[in-house]
Structures are given as C-alpha cells and as structure tokens.
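# Structural features, examined
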Amino acid sequence: VQPVESGGGLVQAEGSLRLSCLASGRFFSTCVVGWFRQAPGKEREFVAGIGQKGISTYYTDSVKGRFTISRDNARGTIYLQMNSLKPEDTAVYYCAARQDFSNRIEVRREKYGYWGQGTQVTVSS
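Summary of the structure given here.

About the cut-offs
- Starting afresh in each chain, residues are numbered from 1 along the sequence in its written order.
- The predicted origin of the model limits local features to residues at a pLDDT of at least 70 and limits the giving and counting of side-chain atom pairs to 80 or more, whereas totals for whole chains, interfaces and linings rest on all residues.
- In computing side-chain values, all of the structure's heavy atoms are included and hydrogens and water are not.
- Strand pairing is defined by DSSP finding a minimum of two bridges between the two strands.
- Secondary structure elements are defined from DSSP: runs of H or I of at least 4 residues count as helices, runs of E of at least 2 residues count as strands, and each element is numbered from the N terminus.
- Working convention: axes come from line fits to C-alpha atoms, limited for helices to the stretch in contact. Angles between N-to-C directions cover 0 to 180 degrees.
- Two aromatic rings, drawn from Phe, Tyr or Trp (for Trp, its six-membered ring), form a pair once their centres lie within 6.5 Å of each other, and the interplanar angle then sorts them: stacked below 30 degrees, edge-to-face above 60, tilted otherwise.
- Residue exposure (1.4 Å probe, protein chains only): buried if accessible area is under 20% of the type maximum, exposed if over 50%, otherwise partly exposed.
- Consider the ring centre and the ring normal. A charge sits over the ring if Lys NZ or Arg CZ is within 6 Å of that centre and within 35 degrees of that normal.
- Residues belong to a common nonpolar core when they are buried Ala, Val, Leu, Ile, Met, Phe, Trp, Tyr or Cys residues joined through side-chain atoms within 4.5 Å.
- The criterion used for residue contact is that any of the two residues' heavy atoms lie within 4.5 Å.
- Cysteine sulfur atoms that pair up within 2.5 Å are treated as a disulfide.
- Every case where a carboxyl oxygen of Asp or Glu lies within 4 Å of a side-chain nitrogen of Lys or Arg is listed as a salt bridge.

The next thing to look at is the sheet that holds strand β8 (residues 77-82). Sheet strands pair via backbone hydrogen bonds, and the direction of the pair is either parallel or antiparallel. Pairing is antiparallel across the open sheet formed by four strands, whose spatial order is β1-β3-β8-β7. Each edge of the open sheet carries a strand with a single partner, namely β1 (2-6) and β7 (67-72). Strand-to-strand twist across the sheet, computed as the mean angle between neighbouring axes with direction ignored, equals 20 degrees. Sheet topology places β1 next to strand β3 (residues 17-24); five bridges connect them, and they run antiparallel.

Right, let's talk about the packing of aromatic side chains for a bit. Under the counting rule described, the total for this entry stands at six aromatic pairs. Aromatic side chains F46 and Y58 sit 6.0 Å apart centroid to centroid with 35 degrees between the ring planes, which places their arrangement in the tilted category. With a gap of twelve residues between them, F46 in strand β5 (residues 45-50) and Y58 in strand β6 (residues 57-59) connect regions that are remote in the sequence. Among the residues examined, F46 registers a relative accessible area of 7% and is labelled buried. With 6.4 Å between their ring centres and 65 degrees between their planes, Y112 and W115 make a pair best called edge-to-face. Here the guanidinium or amino end of R44 rests over the ring plane of Y94, the centre of that ring lying 3.7 Å away. It is R44 that lies over the ring of W115; its NZ or CZ is 5.0 Å from the centre.

Another point: the nonpolar core. If you look at the biggest cluster of nonpolar residues, it comprises 27 residues, and the most contacted ones within it are W35, I78, L80, M82 and Y93. Each residue touching Y93, except ones within four places of it in the same chain, is listed here: E5, L19, W35, F36, R37, V47, F67, L80, M82, G118, T119 and V121. With six residues, the next largest nonpolar core counts V32, F36, F46 and Y112 among its residues.

This part is about the side chain of S20. Relative to the helices and strands, S20 resides in strand β3. A residue is classified by how much of its surface remains accessible, and S20, at 16% relative accessible area, is buried. In contact with S20, not counting residues within four places along its chain, are V4, E5, S6, W35, T77, I78 and Y79.

So, about the state of the cysteines. Applying the stated criterion to the full structure yields one disulfide. With no disulfide partner, C31 has as its closest neighbouring cysteine sulfur the one in C95, 9.7 Å distant. Exposure remark for C31: the relative accessible area of 0% places this residue in the buried category.

Our focus in this paragraph is the pattern of salt bridges. On inspection of all chains with the given rule, the structure shows eight salt bridges. Notably, a salt bridge pairs K64 with D61, separated by 3.0 Å at the nearest N-O pair. Here K64 falls in the partly exposed class, since its relative accessible area comes to 46%. Between R66 and D89 there is a salt bridge whose closest N-O contact spans 2.8 Å. Residue R66 is located in the loop between β6 and β7, and its partner D89 is located in the loop between β8 and β9 (91-99); the two are separated by 23 residues in the primary sequence. On the basis of relative accessible area, D89 is assigned to the buried category, the value being 1%. Each of R37, E45, R66 and D89 takes part in salt bridges that share partners, so that together they form one network.

By themselves these figures say nothing about function.
Here it is, written out as structure tokens:
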C-alpha cells in the first residue's frame, strides 16, 4: 500500500479544501486509514481516521464538525473534506495506512506502517 496525497494549497480563512489520498495495492480495502498533520516546529498529530468499510470514523476534537473523512474502496481513495478552515490548520497533511483486521482506528502515528509524502495546506487570515 503506497499512499499518495493531493489537493493541498493556499486558502483563506473560512474557506474549504478537499484532500485526496490514492492508495495503490490490493490490500487497501483491509486497511484502516488516517490523516495526520505536522505544523512547523510541532509534532505530527492525528487528525481523522476511517475504518475499512468507511462506516467507523474518528476525529480529533479541534476538527470535529469541520472536517469529514470518507473513502471509496473501489477507487482506492480516501478523502478529507475540510471546511471552515482556520490559520491554525496550516500544516503538511499526511495520509497513513495500517493493515488491521480488527478495524481499530489508532491515533498514534507509530501504529501506521504506510505513509505518503504529504501535501501542504496553508490557511491565510
């Protein structure tokens, strides 16, 4: 499974962006997928996660009600719809995958074995 992110860019505060993560590999449908982000000088943090079938999701508190994670297993793609963006959302966003037949969404980055290169999101005030 090799994730490749796209969709980042520069947006004004209160604007929207949709990130995509294309994950190649025939085991994609058995993977739990998470979005993480890393701002300059900060630790990489969990943002949102989604289970294998797209039914279970989990969000960090700071993005609840603003971000929505979804997946299309037929297309091998995970999405992160980001609305009402704030300057503090500025970061490099990473897609990460882990094979887990228990379908558990993990918030710890060390639990994910497959990572993309990241896509920059910049929110101006």
